[in-house]
Amino acid sequence: MSAHHAETLTAAPRQAAPPKLELAGVGKEFRSKRATTRALHDITLTISDGEFVSVIGRSGCGKTTLLRTLAGLQSPSEGQILVEGRSLWNGSRVDSSVVSELGVVFQDANLFPWYSVADNIALPLKLRGAGKRERRERAHELAKLVGLAGFEKSYPRELSGGMRQRVAIARALSTRPKLLLMDEPFGALDALTRERMNAELQRIALATKATVVFVTHDITEAVFLGDRVVQLSPRPGRISEIRMVDFPKPRDFDVQTEPEFGRIVRELRHALDRQE
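The shown structure was predicted, so the numbers you read here are calculated from the model rather than taken from an experiment.

Draft legend 1. Main features of the sheet that holds strand β3 (residues 52–56). If you trace the six strands from one edge of the open sheet to the other, you get β8-β9-β10-β3-β11-β12, paired in mixed fashion. Only two strands of the sheet have a single partner each, and these edge strands are β8 (102–105) and β12 (239–244). When strand polarity is set aside, the average angle formed by the axes of neighbouring strands in this sheet is 15°. On top of the sheet, helix α6 (residues 161–173) reaches β8 and β9 (179–183); it is set at about 165° to β8, its chief contact.

Draft legend 2. Geometry of the layout of surface pockets. In this structure, the largest pocket encloses a volume near 540 Å³. Along the wall of the largest pocket there are 23 residues; nearest its centre are Leu102, Gly103, Val104, Pro124 and Arg171. Residue assignment for the lining of the largest pocket shows that the elements contributing at least two residues are β8, α4 (117–127) and α6. Per-element tally for the lining of the largest pocket: the top contributor is β8, with four residues. In the lining of the largest pocket, the residues fall into 14 nonpolar, six polar and three charged. Counted as a void, the second largest pocket has a volume near 240 Å³.

Conventions adopted
- Residues numbered from 1 in each chain as written.
- Predicted model: local features only at pLDDT ≥ 70, side-chain atom pairs only at ≥ 80, totals over all residues.
- Heavy atoms only, no water.
- Pairing = 2+ DSSP bridges.
- Helix = DSSP H or I, 4+ residues; strand = E, 2+ residues; numbered from the N terminus.
- Axes fitted to C-alpha atoms, helices over the stretch in contact; angles between N-to-C directions.
- Contact = heavy atoms within 4.5 Å.
- 1 Å grid on protein atoms, 1.4 Å probe; cavity = no way out; pocket = protein on both sides within 12 Å on 5 of 7 lines; lining within 4 Å.
- Points joined across faces, edges and corners; volume = space filled by probe spheres on them.
- Nonpolar A, V, L, I, M, F, W, Y, C, P; charged D, E, K, R; others polar.

In structure tokens, the structure reads:
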């Protein structure tokens, strides 16, 4: 037997990479002098690398609470959250090294009005001490990715709502996050702009191979974008249903005319209606 063969036989088996995100028994309570409100209960979910997971549910079911907990903005009351096998929370303390690997986009773009598009995109890199050249090159790269090439020197007041959200998405991607968390990012846009942004987000997610958790009230949007749709029950939010969406990507809007697409949307809507 050759030495190489013997080494191959005795080598330790290769360990599979951990899931991108794991939630195990995650719950959240808000306490005041008058009452205790349970917002989330026993959320258990595993998300794979490169997966796009949409989260839907009625208003007040805990969708935003869940996303803020995943983003490191508020601690869970119980349970564990792992990002690539690393714990996001140690009790009520967040691991800043894990949080730094997350990108977050909210409904409001929250851009600095005195910063240009390029400076807003590169702000997380500036906060990390990156040099001007690196920031400039990354901002230009991402402006092109999100369809804002040529607008790098513009200011937020000169942009439409959809363009401002593109800047917010580019900013969230600037540090090459392991996980992109999005809370109703297109909720304030008109219907046509929102549809266009759905197509753009799909393109960007595929181009960057991003793992995305996407909170929305719009069932059609959730199904169009998601590889899976996770439905939360009314408060306290529990996972009441997980629906696979097997249409290949990239998807164009013609997929919404497919009978199977309509069936998924209807069944999710009926499930929400039964929760009233």
